[in-house]
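Now for the letters of each chain:
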Amino acid sequence: MLPKYYEFQNPVKINAGQDALETIPYELKQMNASRPIIITDKGITNAGLLKTVLNAFDDSELTIGIIFDETPPDSSLSTVNRIAELYRKNKCDSIIALGGGSPMDTAKGVNILISENTDDIRKFMGADRLKSKMQPFIAIPTTSGTGSEVTLVAVIYDEANQVKMPFTSARLLPDVAILDPRMTIGLPPRITAATGMDALTHAIEAYTCLQKNPMSDAYATAAIKLVGENLLKVVKDGSNKEARFAMANASTMAGIAFSNSMVGAVHAIGHACGAVAHIHHGNAMAILLPYVMEFNMDMLGNLYGELLLFLTDADTYTTIEADKRAGKFIETIKEMNKKLNELCKMPIKLYDAGLKKEQFEQVATTALNDGAMLPNPKELSKKDVLEILERAF
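(A) Quick look at the nonpolar core. Of all hydrophobic cores here, the largest spans 72 residues; its most connected members are M197, I204, I269 and L288. Of all the secondary structure elements, the ones that give two or more residues to this core are α6 (189-208), α7 (214-236), α8 (241-261), α9 (265-277), α10 (281-311), α12 (325-344), α14 (360-368) and α15 (382-392). The leading source of residues in this core is α10, at 16 residues. Look past the residues within four positions of I204 in its chain and what remains in contact with it is I224, L289, M293, Y304, L307, F329 and I333. Ranked by size, the runner-up nonpolar core spans 29 residues in total, among them I39, I83, Y87 and A139.

Written out as C-alpha cells, the structure is:
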C-alpha cells in the first residue's frame, strides 16, 4: 500500500568506479572552487589512502589549502571549531571529507560553522535550522557502511556537556560522493564485516519503518541484494575489487534509503550501546538486528518475508512457504553473523562486544529517548528493550 504522502530527496551526484577519484578536480571546478580543505584521520593517512587522493590532483592547477588528519573516532565540538579556524586562516573555499562516519560528520559540522558564519554550532542543533548556502562539499567514503556520503544528518559530540548533538538538514548533503574501490581495498576483515552489517541494517529498517515509501524501498532492496551477494566474499578476500565496489554501492544506496525513510529500534538500542558501553556501531547493528526483528515479527512479518528474496535467491524464496519466509529471513541473518564471526571474529553477542549486565538499565533508558525509536512500527517499553538486551547478551 502506498503512503498517502511522502517526500524523497537525493541531490548528491555520485561518481563511482575505479577512476572516480580522478574526477575530483573537475567537480571542484564546476563548483567554482580551487582551494579545498581535506578532512580525514591518521588511520587514513597511515593506510596510504590520503596519498591516493592527492595523486588525483597531480595534473590539476588546484591547490590543497590544508590537510587536517587528526579527526577523532567520534566527531567532537572542539575538533569542528579547530578545523573551521584552519579553513578561514588558509583561505579555503571547499571541503573534501575522506574517511568513515567521523570525518564525514566533522566536515558537515565545519560546513555549518563556515557557511552560517558562526562560532557556535550549538544554536543550529536540531532539524532544518540551516538557512545559508553551504560550501562546496565532496565526500569520499573509506568504509562501506555508514552511508554518510549521502545522508543529511551529522552528530557532533559536545565534550563539555557530554551530549551528542544531532544536526539534520538537506543542506548538509554533500554535492558529490566519490565511490572508488581503491578507498576500501585495505579495510580489515572485521571492520569490513561490521560496516557491511551496518549497511544491511540501514536497508532493512528503511524498508520496514513507518516512513517507508516506494522510492526508499527501491534503494533498500537493491542494497540488501548487493550485501547478500558480496559481504561474505569481501570478508574472505579483501582484495576482491568487484565485491568491494558492490559493497560501496550497497552502503550508498542504503544511506539514500534511510535518509528518506528513517530507521528504527535496532538503531535506537545500538546508539545507546555505543553511548553507554562504547560498542562499535556496526557490531551493535549486527548483534541486535535479528533480536529486534523477532520482537517486531508480529507486525512486520510480511515485509521481512518479502526481503528474503533479496538476501538469498529466487529458488530459496519460492521453495519456502509464504508464512515461513520471515522466519527464514531472520535465520539467514543469524547465519551470516555466525559465518562472519568464524571468518574474522566479529562479535555476535553483546557480552563479547563489551556490554555489562549492570549497564542494561542505562542502555534501555537511553534507547527509549533516542529519536530512532519513533519510526519503529511497534512501540517498545523499557521491559521490551531489557528483554532484547538479555536475548542478545
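Read on for the rest.
(B) Representation of the packing of α7 against α8 within the structure. It is at 8 Å that the axes of α7 and α8 come closest, and there the two elements cross at 150 degrees. Looking at the two axes, α7 sits roughly antiparallel to α8. For the pair α7 and α8, the sense of crossing is left-handed. Every residue of α8 that contacts α7 at S216, Y219, A220, A222, A223, L226, V227, N230, L231, K233 and V234 is listed here: A243, R244, A246, M247, N249, A250, M253, A254, I256, A257 and S261. Each residue belonging to the contact of α7 with α8 can be placed in one class, and the counts come to 16 nonpolar, four polar and two charged.

(C) The sheet that holds strand β2 (residues 36-39), seen in detail. Ordered by their spatial adjacency, six strands build an open sheet running β1-β9-β6-β4-β2-β3, and the pairing between neighbours is parallel. Of all the strands in the sheet, the pair left with one neighbour each is β1 (13-16) and β3 (66-68). Between one strand axis and the next, the sheet turns through 20 degrees on average, direction left out of account. Pairing of strand β4 (residues 94-99) with strand β6 (residues 137-141), which is carried by five bridges, proceeds in the parallel orientation. Considered in β6, the bridge of I95 is made with F137. Relative to the sheet, helix α4 (residues 77-89) contacts β2, β3 and β4, its axis offset from that of β3 by approximately 170 degrees. Across the sheet, α8 is in contact with β1 and β9 (176-179); its angle to β9 comes to roughly 150 degrees.

(D) How the structure looks around the sheet that holds strand β7 (residues 153-158). The three strands are arranged β5-β8-β7 in an open sheet whose pairing can be described as mixed. Lying at the two open borders of the sheet, with one neighbouring strand each, are β5 (126-127) and β7. Relative to strand β8 (residues 163-168), β7 runs antiparallel, the two sharing six bridges. Note that in β8 the partner of D158 across the bridge is V163.

(E) Representation of α6. Its 20 residues place the ends of α6 29 Å apart at the C-alpha level, agreeing with the 28 Å of an ideal helix rising 1.5 Å per residue. The buried count for α6 comes to 17 of 20 residues, which makes it a mostly enclosed element.

(F) View of the pairing of β9. Alternating residues of β9 divide into V176 and I178 and A177 and L179, and every residue in both groups is buried. Pairing geometry for β1 and β9, over four bridges, is parallel. Within β9, the residue paired with I14 across the bridge is A177.

(G) Looking closely at α9. In a regular helix each residue adds 1.5 Å, so 13 residues correspond to 18 Å; α9 covers 18 Å between its end C-alpha atoms and thus fits that length. Among the 13 residues of α9, eleven are classified as buried, and the element is accordingly described as predominantly covered. Among all positions in α9, only A265, V266, H267, A268, I269, G270, A272, C273, G274, V276 and A277 are buried. In this fold, the buried residues of α9 make contact with α6, α10, α13 (350-353), α14 and α15.

(H) Structural context of the environment of A194. Mapped onto the elements, A194 comes out in helix α6. Residues A194 and I121, 73 residues apart in the sequence, show an inter-C-alpha distance of 31 Å. Not counting residues up to four positions away in its chain, the partners in contact with A194 are H280, G282, N283 and M346.

(I) How the structure looks around the packing of aromatic side chains. If you walk through the whole model with that rule in mind, you get four aromatic pairs. Ring centres of F8 and Y219 lie 5.7 Å apart, and the angle between their planes is 20 degrees; this geometry places the pair in the stacked category. A residue pair is termed long-range when its members are at least 10 positions apart, and F8 in the segment before β1 and Y219 in helix α7 qualify at 211 residues. On the basis of relative accessible area, F8 is assigned to the partly exposed category, the value being 28%. Of the residues examined, Y219 reaches a relative accessible area of 26% and is grouped as partly exposed. Here F360 and F393 contribute two aromatic rings whose centre-to-centre distance is 5.3 Å and whose plane-to-plane angle is 80 degrees, an arrangement assigned as edge-to-face. In this pair, F360 is assigned in helix α14 and F393 in the segment after α15, connecting sequence segments 33 residues apart. Three or more aromatic residues joined by ring pairs form one cluster here, namely Y351, F360 and F393. Just above the ring of Y207 sits the side chain of K212; from NZ or CZ to the centre is 4.2 Å. The residue whose ring lies beneath R325 is Y317, and the NZ or CZ to ring-centre distance is 3.9 Å.

What counts as what
- Residues numbered from 1 in each chain as written.
- Predicted model: local features only at pLDDT ≥ 70, side-chain atom pairs only at ≥ 80, totals over all residues.
- Heavy atoms only, no water.
- Core = buried A, V, L, I, M, F, W, Y, C linked by side-chain atoms within 4.5 Å.
- Buried < 20%, exposed > 50% of the residue type's maximum accessible area, 1.4 Å probe, protein only.
- Helix = DSSP H or I, 4+ residues; strand = E, 2+ residues; numbered from the N terminus.
- Contact = heavy atoms within 4.5 Å.
- Axes fitted to C-alpha atoms, helices over the stretch in contact; angles between N-to-C directions.
- Parallel < 35°, antiparallel > 145°, perpendicular 65-115°, else oblique.
- Left-handed = near helix turned anticlockwise from the far one by under 90°.
- Nonpolar A, V, L, I, M, F, W, Y, C, P; charged D, E, K, R; others polar.
- Pairing = 2+ DSSP bridges.
- Expected span 1.5 Å × (residues − 1).
- Phe/Tyr/Trp six-rings, centres within 6.5 Å; stacked < 30°, edge-to-face > 60°.
- Lys NZ or Arg CZ within 6 Å of the ring centre and 35° of its normal.

Coordinates in, geometry out; function isn't part of it.
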